[in-house]
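Understanding the architecture of this molecule
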Amino acid sequence: MWKEGTELVIKANQIAISEKGILVEEGHLLPWDHIRYAYPERQGVGKQVHDYLVIVHTEPKDGVEQVATEEIRTDYYTSNQEDISRAVNYWSGRKIGKQSDRFRDEVIEKKEGLSTQEKEALREKSDVFIPLFEKEKRKEDLSFPITFVFFSILFISFCLLFRNQLEGNLMGIVAISLFINGFSISIVVPYLLRRRFLKTPPIEELSQSEIIDFFRMASKGEYTNYQTSILTSVVLTVAFVVWLIYIVYN
């Protein structure tokens, strides 16, 4: 566990986070006044997931300061993502150690008509709310695959258990019913989680504009209101009912 006031060394290539800046390799020090953000990030899918230290910094090129980004693999180093974020925030004297900090500033800077004081107040408020919105976004993202897998297992189990008891047409109707309704419910679950989240304190005290801002800060600048999901669910349900009526009366 990293302790405040000490240098954090990410072993292997001896990446060091200290009072002077971030030493990314021997002899290559990025000072804090050149670093805009430095945060751990997990990239990839499945077995190709890797941890990186992403450093956004400025460097002179042809007499002009340009923004550059370095991504350094850290998953085979002795490191802890939370320790990296804490060390960056401590030694830089700024809150730049998480990916959400970068999205926070991007969202705030795009807002028009805000004074410097209002922007700073929004930054301070985001410190409280971004962790709550990040947790909610993870729950919403996981809810669809978990629910869909559950109904898929139910669908497969039904087909296996009752394949000999039901006639072909009836078997097909019930099986399709399970699948379509299971899918419809799966895409509605994130919407229901969102509604419950927005009604909990202190979230319920936020304005709609603040809710959208904090979701964007917590999820790479994106905001999903799930209206498309609800519409898709309604269309699927109506289409199934129409199809069922057609089957019954023909």
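Bear in mind that the values here come from a model prediction, so they are computed numbers and not experimental data.

**Some thoughts on the overall build of the chain**
Along the chain, the regular secondary structure elements total six helices and seven strands. When the helices and strands of the chain are listed from N to C terminus, the series reads β-β-β-β-β-β-β-α-α-α-α-α-α. Compactness check: the chain gives a C-alpha radius of gyration of 25 Å against a globular reference of 18 Å for 250 residues, more than 25% above the reference. Principal-axis analysis of the C-alpha atoms gives the chain an extent of 80 × 45 × 40 Å. The long-range fraction of contacts in the chain, counting pairs at least 24 apart against all pairs at least 6 apart in sequence, stands at 56%.

**So, the sheet that holds strand S2 (residues 15–18)**
Ordered in space as S1-S2-S3-S4, the four strands form an open sheet in which the pairing is antiparallel. Of all the strands in the sheet, the pair left with one neighbour each is strand S1 (8–10) and strand S4 (28–31). Averaged over all neighbouring strand pairs, the angle between strand axes comes to 15°, with direction disregarded. As paired elements, S2 and strand S3 (residues 21–25) share three bridges and run antiparallel to each other. When the sheet's bridge partners are listed, Ser-18 is paired in S3 with Gly-21. Packing against the sheet, helix H1 (residues 81–92) makes contact with S1 and S2, and its axis sits at approximately 45° to S2.

**Focus: unusual backbone geometry**
A cis amide bond, omega 0°, links Pro-201 with the succeeding residue Pro-202. Along the chain, Pro-202 turns up in the loop between helix H4 (168–198) and helix H5 (208–218). In this structure, Tyr-226 takes a positive phi of about 65° despite not being glycine. Residue placement: Tyr-226 occurs in the loop between H5 and helix H6 (227–248). According to the relative accessible area criterion, Tyr-226 is buried, its value standing at 10%.

**Re the layout of surface pockets**
Put simply, the largest pocket is a space of about 590 Å³. Together, 18 residues line the largest pocket, and Gln-99, Ser-100, Glu-134, Arg-138 and Ala-218 are the ones closest to its centre. Mapped by element, the contributors of at least two residues to the lining of the largest pocket are strand S5 (35–43), H1, helix H2 (99–110), helix H3 (116–161) and H5. Looking at which element gives the most residues to the lining of the largest pocket, the answer is H3, with four residues. The class makeup of the residues in the lining of the largest pocket is four nonpolar, five polar and nine charged.

**What to know about the nonpolar core**
Grouped together as the largest cluster of nonpolar side chains are 24 residues, with contacts concentrated most on Ile-17, Ile-22, Trp-32, Ile-35, Ile-55, Ile-84 and Val-88. Elements that contribute at least two residues to this core include exactly S1, S2, S3, S5, strand S6 (50–61) and H1. In terms of residue count, S6 provides more of this core than any other element does, five residues in total. Apart from residues lying up to four places away in sequence, Val-88 is in contact with Ile-17, Trp-32, Ala-38, Gly-93, Arg-94, Ile-96 and Gly-97. In this structure, Ile-108, Phe-133, Met-217 and Ala-218 belong to the second largest nonpolar core, which totals 14 residues.

**Quick notes on the side chain of Ser-100**
Note on placement: Ser-100 falls in helix H2. For Ser-100, a relative accessible area of 6% corresponds to the buried category. A polar contact of 3.3 Å, which involves the side chain of Ser-100, links it to the side chain of Glu-134. When near neighbours in sequence (up to four residues on either side) are disregarded, Ser-100 contacts Ile-130, Glu-134 and Met-217.

**A few points about the environment of Ile-211**
Residue placement: Ile-211 occurs in helix H5. For Ile-211, a relative accessible area of 6% gives the class buried. If near-sequence neighbours (up to four positions away) are discounted, Ile-211 is found in contact with Phe-133, Leu-198 and Leu-206.

**Some words on H1**
Between the first and last C-alpha of H1 there are 17 Å, a value that for 12 residues agrees with the 16 Å anticipated at 1.5 Å per step. Turning to H1, its buried residues are Asp-83, Ile-84, Ser-85, Ala-87, Val-88, Trp-91 and Ser-92. On its buried side, H1 packs onto S1, S2, S5 and S6. At the N-terminal boundary of H1, the capping side chain belongs to Asn-80, with an oxygen 2.9 Å from the backbone nitrogen of Glu-82. Two residues or fewer after H1 comes Gly-93, characterised by a positive phi angle close to 75°.

Procedures and definitions
- Residues numbered from 1 in each chain as written.
- Predicted model: local features only at pLDDT ≥ 70, side-chain atom pairs only at ≥ 80, totals over all residues.
- Heavy atoms only, no water.
- Helix = DSSP H or I, 4+ residues; strand = E, 2+ residues; numbered from the N terminus.
- Rg over C-alpha atoms; globule rule 2.2 N^0.38 Å.
- Contact = heavy atoms within 4.5 Å.
- Pairing = 2+ DSSP bridges.
- Axes fitted to C-alpha atoms, helices over the stretch in contact; angles between N-to-C directions.
- Buried < 20%, exposed > 50% of the residue type's maximum accessible area, 1.4 Å probe, protein only.
- 1 Å grid on protein atoms, 1.4 Å probe; cavity = no way out; pocket = protein on both sides within 12 Å on 5 of 7 lines; lining within 4 Å.
- Points joined across faces, edges and corners; volume = space filled by probe spheres on them.
- Nonpolar A, V, L, I, M, F, W, Y, C, P; charged D, E, K, R; others polar.
- Core = buried A, V, L, I, M, F, W, Y, C linked by side-chain atoms within 4.5 Å.
- Polar contact = N/O pair within 3.5 Å; in protein donor to acceptor, adjacent residues only side chain to side chain.
- Expected span 1.5 Å × (residues − 1).

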